[in-house]
Amino acid sequence: MTVEAQKSLDRETRDRLVEGIAARLGVRAERGRRFAELTSLRVGGEIDWVVAPETEEQAAAAAGALDEADVPWRVLGAGSNVLADDERHGYVVVTMREVKGEARFDGERVSVSAGYSLPRLCVDAARKGLSGIEGLNGIPGTVGGALWMNAGAFGHEIGTVVETVRVARGGRIVEVPGEKIKWDYRHTSFRDGELVLGATLRLKFDDAEKIGARMEESKRRRMETQPHGARSAGCFFKNPPGSGLSTGKMIDELGLKGERRGGARVSDVHANFIVTEGEDARASDALALAEEIRARIRRERGVELEYEVELWRSRAPESSEAQDATADSARANDAAGQTDDAAKEGQ
Ligand code: EPU
């Protein structure tokens with residue numbers, strides 16, 4: 001979609017297009033939802049449209065139709081790694097939460113859709129005596145979100161067990177071999193504008209009791225070292241790659257546990273978690289606190305922290321062509337906490 005096309009698409013036309021696509025594909029499309037309802041931090045502004053497909057085919061078709069109609073969209077899983085700002089978000093959110101189906105096991109392989117719960121998949125796999133993802137148990141997200149960011153914990157990363165990933169291209173489902181994707185630390189080569197629909201994982205048979213014990217151990221360690229039941233998005237910043245430094249430890253050493261900005265607070269349990277509290281908490285509170293942390297770490301430790309959570313600005317995402325070229329710089333800008341001027345021009 002070109003920037004011009006995006007500009008010329010007035011809201012009424014866009015609304016008609018979205019309604020038409022939803023009706024044709026038989027998917028639910030809702031107005032007036034808020035990121036505060038759809039993300040684990042429980043903050044963030046209104047969303048123009050939320051489109052909720054229920055199958056991988058519907059999701060692929062919806063993404064293709066929105067692209068064809070030049071309607072800007074973004075995809076959301078469980079919303080457990082997203083901080084969306086407080087303004088009105090003038091684009092379509094395609095939520096993958098309903099695209100869950102069943103996990104289909106075949107020997108050491110399991111095929112699963114993007115909206116399936118990651119903790120549930122870990123439990124299913126362990127019951128079948130399949131090892132490879134037990135460390136991921138307890139990461140509160142969807143399989144799609146985990147794939148998107150190569151989620152990891154306690155020695156396991158999802159990218160290492162991916163045989164193929166299904167993505168939407170031109171309205172259809174395309175299967176991409178896992179080795180064609182770059183699986184980096186909390187980052188992959190998937191691009192904004194690309195929709196991950198599901199994956200086939202290749203696990204390994206092992207003693208079910210041993211897998212169960214490892215799952216229990218990672219759960220115990222998580223419960224001991226990370227806040228649970230709190231409104232958070234997991235670790236807020238990445239650990240500085242290759243440095244051996246722990247961001248949580250650095251923030252803790254600066255005495256910032258318990259530090260507060262409005263309804264956002266640095267967790268007392270793990271300093272790399274920002275939690276929100278109360279009805280009045282705002283995304284801007286969490287962002288102000290995060291920026292304060294970055295400034296302190298920059299000043300006192302000489303380290304530039306990169307965001308691990310995704311910061312979603314209320315501007316419409318750029319066109320898919322433009323995104324291919326700018327997604328990484330936009331991400332880098334977001335990571336640097338700068339306002340994304342290039343993206344602003346695209347509004
Ligand atoms: N530490 C402190 N104070 C704190 C937090 C940590 O002193 O407030 C110390 C710990 O005592 C430990 C060291 O820092 O000596 C490392 O802490 P931890 O074991 O909790 O690991 P981490 O590097 O902080 C990473 C991931 C987590 C993942 C855990 C377990 C990142 C940014 N974080 O945390 O992932 O669950 O290891 O594998 O990579 C996430 O991705 O959202 C996330 C939480």
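From a predicted model like this one, the values you see are computed outputs, not experimental measurements. (Residues numbered from 1 in each chain as written. Predicted model: local features only at pLDDT ≥ 70, side-chain atom pairs only at ≥ 80, totals over all residues.)

**So, the environment of Ile47**
Working step 1: For Ile47, the position within the fold is in strand β2 (residues 47–52).
Working step 2: Assessed through the 26 C-beta atoms surrounding it within 10 Å, Ile47 is described here as buried.
Working step 3: Taking the C-alpha atoms as reference points, Ile47 and Arg33, separated by 14 residues in sequence, lie 5.6 Å from one another. (Helix = DSSP H or I, 4+ residues; strand = E, 2+ residues; numbered from the N terminus. Buried ≥ 20, exposed ≤ 12 C-beta atoms within 10 Å, placed from the backbone.)

**Comments concerning the site of the ligand**
Working step 1: Around the ligand there are 16 residues in total, and Gly234, Cys235, Gly248, Asp252 and Ala271 lie nearest to it.
Working step 2: Top element by residues in the shell around the ligand is helix α8 (residues 247–253). It accounts for 4 residues. (Near = placed C-beta within 6 Å.)

**Things to note about the sheet that holds strand β1 (residues 28–30)**
Working step 1: In space, the 4 strands of this open sheet follow the order β1-β2-β5-β3, with mixed pairing throughout. Edge strands, defined here as strands with exactly one partner in the open sheet, are β1 and β3 (73–76). The sheet shows a mean angle of 25° between the axes of neighbouring strands, direction not considered.
Working step 2: Across 4 bridges, the pairing between β2 and strand β5 (residues 89–95) is parallel. The partner of Val50 across the bridge, within β5, is Val93.
Working step 3: Against the sheet, helix α2 (residues 11–25) touches β1, β2 and β5, its axis set at about 155° to β1. (Pairing = 2+ DSSP bridges. Axes fitted to C-alpha atoms, helices over the stretch in contact; angles between N-to-C directions. Contact = placed C-beta atoms within 7 Å.)

**Points about helix α7 (residues 208–225)**
Working step 1: Here α7 contains 18 residues, and its C-alpha end-to-end distance of 26 Å stays within 8% of the 26 Å for a straight helix at 1.5 Å per residue.
Working step 2: All of the buried residues along α7 are Ile211, Met215 and Ser218. One face of α7 carries all of its buried residues, which in axial projection span an arc of 65°. What points out from α7, more than 90 degrees from its buried face, is the exposed set Glu209, Ala213, Arg220, Met223 and Glu224.
Working step 3: Packed against the buried residues of α7 are α5 (118–127), β8 (130–131) and β9 (152–153). (Expected span 1.5 Å × (residues − 1). Arc of directions from axis to C-beta.)

**A short note on unusual backbone geometry**
Working step 1: If you check the backbone angles, Arg42 has positive phi at about 60° while not being a glycine.
Working step 2: If you trace the backbone, Arg42 turns up in the loop between α3 (35–38) and β2.
Working step 3: The backbone phi angle of Asp70 is positive, close to 60°, even though this residue is not glycine.
Working step 4: By the secondary structure assignment, Asp70 is in the loop between α4 (56–68) and β3.

**Brief notes about the environment of Ser218**
Working step 1: Within the secondary structure, Ser218 sits in helix α7.
Working step 2: Using a count of 20 C-beta atoms within 10 Å as the deciding quantity, one classes Ser218 as buried.
Working step 3: Measuring from C-alpha to C-alpha, the distance between Ser218 and Phe154 comes to 6.5 Å, with 64 residues separating the pair along the chain.
Working step 4: What Ser218 contacts, discounting residues up to four positions off in sequence, is Glu134, Gly135, Asn137, Gly138, Ala153 and Phe154.

**What about the sheet that holds strand β7 (residues 109–113)?**
Strands in a sheet are paired, the pairing made by backbone hydrogen bonds, and the direction either parallel or antiparallel.
Working step 1: Read across the sheet, 5 strands follow the order β6-β7-β15-β11-β12 without closing on themselves; strand pairing throughout is antiparallel. Of all the strands in the sheet, the pair left with one neighbour each is β6 (104–106) and β12 (172–177). Going across the sheet, the axis of each strand differs from the next one's by a mean of 20°, ignoring polarity.

**Some details on the confidence of the model for the protein**
Working step 1: In this model, the protein carries a mean pLDDT of 89, and residues with pLDDT of at least 70 account for 88%.
Working step 2: Confidence over residues 1–5 falls short of pLDDT 50; this stretch has 11 contacts with residues more than four positions distant or in other chains.
Working step 3: Across residues 319–347, where pLDDT falls below 50, the model places 42 contacts with residues more than four positions away in sequence or in other chains. (pLDDT = per-residue confidence, 0-100.)

**Here we look at the pairing of β2**
Working step 1: The element β2 is largely enclosed, with a buried count of 6 among its 6 residues.
Working step 2: Alignment of β1 against β2, held across 3 bridges, turns out to be antiparallel. Following the sheet pairing, Ala29 is matched in β2 by Val51.

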